[in-house]
Amino acid sequence: MKVMVVGGGGREHAIIKKLKENKNITEIFALPGNGGMANDATLVDIGAKDIEAQVKFATDNRIDYAVVAPDDPLVLGAVDALTTAGIPCFGPNKAAAIIEGSKVFSKNLMKKYGIPTAEYEVFSNAEDAIKYLETAPIPTVIKADGLALGKGVIIAETRDDAVNAVRSMMEDKVFGDSGNNIVIEEFLTGPEVSVLSFTDGKTVIPMVSSMDHKRALDGDKGLNTGGMGTVAPNPYYTDDIAKTCMETIFIPTVEAMNKEGRSFKGCLYFGLMLTPKGPKVIEYNCRFGDPETQVVLPLLESDLLTVMQATTNGTLADTEVKFKNGAAACVVMASKGYPQKYDSGFELKIDDTVADKVYVAGAKLDGDILKTAGGRVLGVTDTAENLETALKKAYENVKLVSFQNAFYRNDIGAKALKAIKGE
Ligand code: AMP
Ligand code: GLY
């Protein structure tokens, strides 16, 4: 079987490594992938948003199955185009990917179907939004409607900050058309949990829960990033909470999408906050999370391709999706300066003994030499029977990876360990 994976980050590397465990797969193509994946996939110089070229490549090379991993091509309709060309695909079609592509859509969906989320208002012009902010509770949360490279959410601690956020999104258009409409919502508190799930539009099977660490520096200080590390499972996500989420959030969301004529197939990601009033949805993503995937997939015991195909074929109810007991940890190594300005082009050394546990996000080959080429360069992972050991092993593996200007957080999982110990 020939499989292609659209995307080029650490998440895609984790998907490719997991797919490789299936012995029926003879070749995996990464479009475009990155130099750090060259041992695991054939790199094809086609961008993640170049849907026309993806379809041509898949057809010319008789690809048997395609996995579309990133948000942009999903929201742009890559799955529709590939499916029309006769290529079976993992991921939602364009009509369903709107659950991530438009926050106005997802908030209205939750309101219509009684799915717990923060209270909110939608605005399509800055004047009305600013007037509303005169009396809105502070802190408040301002969200651009469309995709914004994960930067479209601003938590405003003061009224002035809130007004500035509205102006920058709606008047200065810092996120382009994504800021034509905005959501202003209630500020919620509580531990955050990421729950990725497989769904074929009928059955929804949650994967092991996880916890992201979004801030750049230890102690949750510094700027927001794409994610500096993850652990799974998330200790705040108890069996009772999982049951509540299944009944009040997961099944209702899948059913709501069906009722809207937007049946969702693929990976539906629930970003949850466990508030004093119960679990609420912070955001939906229409795809695997990054770097959540780097801890979730190593714990998947079942064959990933089989499960993915079941979401496409509508046979998930008859498919075993099993996770290992134990825990996983991922420590992201980034380039000094990330998420702002940083230098690239430094040689990346990964000891052979840990190569299987490293998911590369930002690197490229210069001849035979792998060099850094991004803010988040890679994620170093490991698994063990418990989180404490998984973290210890992941941090030991970090010592076997090096590049100039590397930095990483030293406290990934610290909060989770405290929660496990009841501190
Ligand atoms: P997002 O880009 O949607 O993942 O949001 C980024 C982060 O903003 C989330 O992970 C939360 O930490 C925070 N956030 C989003 N919405 C809210 C909210 N209503 N209340 C408190 N924090 C929020
Ligand atoms: N880690 C958050 C995301 O993938 O959106």
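Calculation notes
- Residues numbered from 1 in each chain as written.
- Chains lettered and ligands numbered in written order.
- Predicted model: local features only at pLDDT ≥ 70, side-chain atom pairs only at ≥ 80, totals over all residues.
- Heavy atoms only, no water.
- Pairing = 2+ DSSP bridges.
- Helix = DSSP H or I, 4+ residues; strand = E, 2+ residues; numbered from the N terminus.
- Contact = heavy atoms within 4.5 Å.
- Polar contact = N/O pair within 3.5 Å; in protein donor to acceptor, adjacent residues only side chain to side chain.
- Near = heavy atom within 4 Å.
- Areas by Shrake-Rupley, 256 points an atom, 1.4 Å probe, with all protein chains shown as cover.
- Nonpolar A, V, L, I, M, F, W, Y, C, P; charged D, E, K, R; others polar.
- Phe/Tyr/Trp six-rings, centres within 6.5 Å; stacked < 30°, edge-to-face > 60°.
- Buried < 20%, exposed > 50% of the residue type's maximum accessible area, 1.4 Å probe, protein only.
- Axes fitted to C-alpha atoms, helices over the stretch in contact; angles between N-to-C directions.
- Parallel < 35°, antiparallel > 145°, perpendicular 65-115°, else oblique.

Colleague: Is there a simple way to think about the pairing of strand β21 (residues 363-366) in this case?
Modeller: In this sheet, strand β22 (residues 369-372) lies alongside β21 in antiparallel orientation, the contact comprising 4 bridges. The partner of A363 across the bridge, within β22, is T372. Counted along the chain from β21 to the antiparallel partner β22, the turn is 2 residues long, and its residue G367 has a positive phi close to 65 degrees.

Colleague: It is not clear to me how the environment of H13 should be interpreted in this structure. Could you clarify?
Modeller: Along the polypeptide, H13 turns up in helix α1 (residues 10-19). In sequence terms H13 and P32 are 19 residues apart; their C-alpha atoms lie 11 Å from each other. Look past the residues within four positions of H13 in its chain and what remains in contact with it is G36, M37, D40, V358, Y359 and V360. Engagement of the side chain of H13 in a polar contact is seen with the backbone nitrogen of V360, the distance being 2.8 Å.

Colleague: Sorry if this is basic, but what is going on with the site of ligand 1 here?
Modeller: As a structural note, the neighbourhood of ligand 1 is formed by 15 residues, with E185, E186, L188, E192 and E283 the closest of them. Separating a nitrogen atom of ligand 1 from a backbone N or O atom of E186 is a distance of 2.9 Å. E283 is positioned with one of its side-chain polar atoms (N or O) 2.8 Å from an oxygen atom of ligand 1. Look at ligand 1: alone it shows 480 Å² of surface, and the protein chains cover 89% of it. Looking at the shell around ligand 1, the elements with two or more residues in it are β7 (140-144), β8 (153-156), β9 (182-186) and β17 (278-285). Looking at the shell around ligand 1 residue by residue, the class counts come to 8 nonpolar, no polar and 7 charged.

Colleague: In this structure, what is going on with the packing of aromatic side chains? I would like to understand it.
Modeller: What characterises a pair of aromatic rings is the spacing of the ring centres plus the angle enclosed by the ring planes. Using the criterion set out here, one finds 8 aromatic pairs in the structure. Where F29 meets F57, the ring centres are 5.1 Å apart and the plane angle is 75 degrees; that geometry is what we call edge-to-face. A residue pair is termed long-range when its members are at least 10 positions apart, and F29 in strand β2 (residues 27-32) and F57 in helix α2 (residues 51-60) qualify at 28 residues. For the residue pair F29 and F57, the accessibility class agrees, reading buried in each case. When the centroid spacing of 6.2 Å and the interplanar angle of 45 degrees are considered together, the rings of Y395 and Y408 count as tilted.

Colleague: How should I be thinking about the site of ligand 2 in this particular structure?
Modeller: All residues adjacent to ligand 2 are D212, K214, Y269, N285, R287, G289, D290 and E292. Contacts to ligand 2 include D290, whose backbone N or O atom sits 3.0 Å from an oxygen atom. E292 has a polar side-chain atom sitting 2.8 Å from a nitrogen atom of ligand 2. Coverage of ligand 2 by the protein chains reaches 89% of its 200 Å² of free accessible surface. Each residue belonging to the shell around ligand 2 can be placed in one class, and the counts come to 1 nonpolar, 2 polar and 5 charged.

Colleague: Looking at this structure, I do not really get the packing of helix α5 (residues 94-101) against helix α6 (residues 103-113). What am I missing?
Modeller: A pair of packed helices is characterised by two quantities: the angle between their axes and the separation of those axes. α6 packs onto α5 with a crossing angle of 90 degrees between their chain directions and a minimal axis gap of 6 Å. Classed by the angle they form, the pair α5 and α6 counts as roughly perpendicular. Mapping the contact onto sequence places I98, I99 and G101 in α5 and K103, F105, S106 and L109 in α6. Residue composition of the contact of α5 with α6, by class: 4 nonpolar, 2 polar and 1 charged.

Colleague: What is the right way to look at the sheet that holds strand β1 (residues 2-7) in this model?
Modeller: The strand order β3-β2-β1-β4-β5 describes an open sheet built from 5 strands, whose pairing is parallel. Two strands lie at the open edges of the sheet, namely β3 (42-43) and β5 (89-90), each paired on one side alone. Bridge count between strand β4 (residues 65-68) and β5: 2 bridges; the pairing is parallel. Of the residues in β5, the one forming a bridge with V67 is F90. The strands that α1 touches are β1, β2 and β4; relative to β1, the one it contacts most, it runs at about 165 degrees.

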